[in-house]
Amino acid sequence: MDATPGPEPEAQATPVADASGADGTDSGAPRSPQAVAEAIELDVIARGWPVGSLYATQVELEERYGVSRTVLREATGILVDHQVLEPRRGRGGGLVVTAPDQSRAVRSIALLLSYQQLTVEELEDVRPPIELLAVRLAAQRVDDASADRIRAVVEAERRDPYGIGMRQEMPNMHVVLAEVSGNRALQLFAEIITSVSRQGASAARRRQDGERLVEEHAEIAGAVLAGDPEAAERLMAAHLQSLRELGF
């Protein structure tokens, strides 16, 4: 008797690869610690950099980016070093958005430029456009509060002309004028330039010419306080020439 053939076995479905990747996570998601850190930094910026708010927990970030705990730990180290996030321990803990320290960033950039052996000529190429615009804006935007700050700098320099540009704790006229300009980019650049020039300045030369520089600062301050941007810019240009002659 012929055997009646049984039903043929059903064919096994072959999995179709999709954009989610083999592990079910987004194949386009960053995988390296550096890429994860950059993605998080961009997200913090897009959120308006909400300092003090809880950004996410470690588990949430592992799931969001589909990475291991080791990768996320390294990414977190980068974010902490960049002063973007900091860990909060205990109940309700996680990674909290923090505010970068501008003075630390300025110091790092100044050291980098010193390591790269930035020349006096290179500094002179970028300094005038920044300083001249800053002093012009300062003369246009000075108010009572900022006028008091400028006068305080002049008084501090006259009390200690030999410390001008050398003492870290002394207010710096160039930086204060950039702050008064109301332009935060100019302020940052002015702080970097000041830090670099301080590193390369000769203390003996500063002492010898301190009184001259103080009086030039006082003249610039007077033009700014008078609300005269043309005079302030002209005096600053002459002052920058003095700095070139003195070698810093």
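Here the structure is shown first, and the text comes after it.
Residues numbered from 1 in each chain as written. Predicted model: local features only at pLDDT ≥ 70, side-chain atom pairs only at ≥ 80, totals over all residues. Heavy atoms only, no water.

A.B. asks: With reference to specific residues and values, describe the overall build of the protein.
C.D. replies: Looking only at helices and strands, one finds 10 helices and three strands in the protein. The helix and strand sequence of the protein, counted from the amino end, reads α-β-α-α-β-β-α-α-α-α-α-α-α. Classification of the 248 residues of the protein by burial places 40% in the buried group. Considering only residue pairs separated by 6 or more positions, the protein has 68% of its internal contacts joining residues 24 or more positions apart. Carbon and sulfur atoms provide 52% of the accessible area of the protein, an area that totals close to 14700 Å². (Helix = DSSP H or I, 4+ residues; strand = E, 2+ residues; numbered from the N terminus. Buried < 20%, exposed > 50% of the residue type's maximum accessible area, 1.4 Å probe, protein only. Contact = heavy atoms within 4.5 Å. Areas by Shrake-Rupley, 256 points an atom, 1.4 Å probe, with all protein chains shown as cover.)

A.B. asks: Any chance you could break down the environment of Q140 for me, citing the residues and the numbers?
C.D. replies: Turning to its location among the elements, Q140 is positioned in helix α5 (residues 120-141). Separated by 41 residues in the primary sequence, Q140 and S181 have C-alpha atoms spaced 7.9 Å apart.

A.B. asks: Explain helix α10 (residues 229-246) to me, using residue names and the numbers behind them.
C.D. replies: With 18 residues, α10 extends 25 Å between its outermost C-alpha atoms, agreeing within 8% with the 26 Å of an ideal straight helix rising 1.5 Å per residue. Taken together, the buried positions of α10 are P229, A231, A232, M236, H239, L240, S242, L243 and L246. G247 sits one or two positions beyond α10 and adopts a positive phi of about 90 degrees. (Expected span 1.5 Å × (residues − 1).)

A.B. asks: Break down the packing of α5 against α10 for me, with residues and values.
C.D. replies: As a packed pair, α5 and α10 sit with axes 8 Å apart at the nearest point and diverge in direction by 150 degrees. One way to sum up the angle between α5 and α10 is to call them roughly antiparallel. Remark: the crossing between α5 and α10 carries right-handed chirality. Contact residues: E124, R127, P128, E131, L132, V135, R136, A139 and Q140 in α5; P229, E230, A232, E233, M236, A237, L240, L243 and R244 in α10. (Axes fitted to C-alpha atoms, helices over the stretch in contact; angles between N-to-C directions. Parallel < 35°, antiparallel > 145°, perpendicular 65-115°, else oblique. Left-handed = near helix turned anticlockwise from the far one by under 90°.)

A.B. asks: If you had to explain the packing of helix α1 (residues 33-46) against helix α3 (residues 69-81) to someone new, which residues and values would you point to?
C.D. replies: In contact at an axis separation of 8 Å, α1 and α3 are set at 55 degrees when each is read in the N-to-C sense. One finds that α1 runs oblique with respect to α3. Judged by the sense of rotation from one axis to the other, the crossing of α1 with α3 is right-handed. Note on element contacts: α3 touches α1 through V71, L72, E74, A75, I78 and L79, opposite P33, Q34, V36, A37, I40 and E41. For the contact of α1 with α3, the class distribution of residues is nine nonpolar, one polar and two charged. (Nonpolar A, V, L, I, M, F, W, Y, C, P; charged D, E, K, R; others polar.)

A.B. asks: Pulling in residues and values, what's your account of the sheet that holds strand β2 (residues 85-88)?
C.D. replies: Taken together, the three strands give an open sheet; going across it, the order is β1-β3-β2, and neighbouring strands pair in antiparallel fashion. Both edges of this open sheet fall to β1 (54-56) and β2, since each of them pairs with a single strand only. Strand after strand, the sheet turns through a mean of 45 degrees between neighbouring axes, direction not considered. Of the pairings in the sheet, the one linking β1 to strand β3 (residues 94-97) comprises two bridges and is antiparallel in character. Along β3, the bridge assignment pairs A56 with L95. This element, helix α2 (residues 58-65), spans β1 and β3 of the sheet and lies at about 45 degrees to β1. (Pairing = 2+ DSSP bridges.)

A.B. asks: So, the nonpolar core: which residues are in play, and what are the values?
C.D. replies: V135, I150, M173, L177, V224 and M236 are the most contacted members of the largest nonpolar core, which totals 23 residues. Of all the secondary structure elements, the ones that give two or more residues to this core are α5, α6 (144-159), α7 (173-180), α9 (203-225) and α10. Filtering out sequence-adjacent residues up to four positions away, V224 remains in contact with V135, A138, A139, V142, I150, L177 and A232. With 18 residues, the next largest nonpolar core counts L72, A75, I78 and L79 among its residues. (Core = buried A, V, L, I, M, F, W, Y, C linked by side-chain atoms within 4.5 Å.)

Honestly, that's just the spatial picture; any functional story needs more than this.
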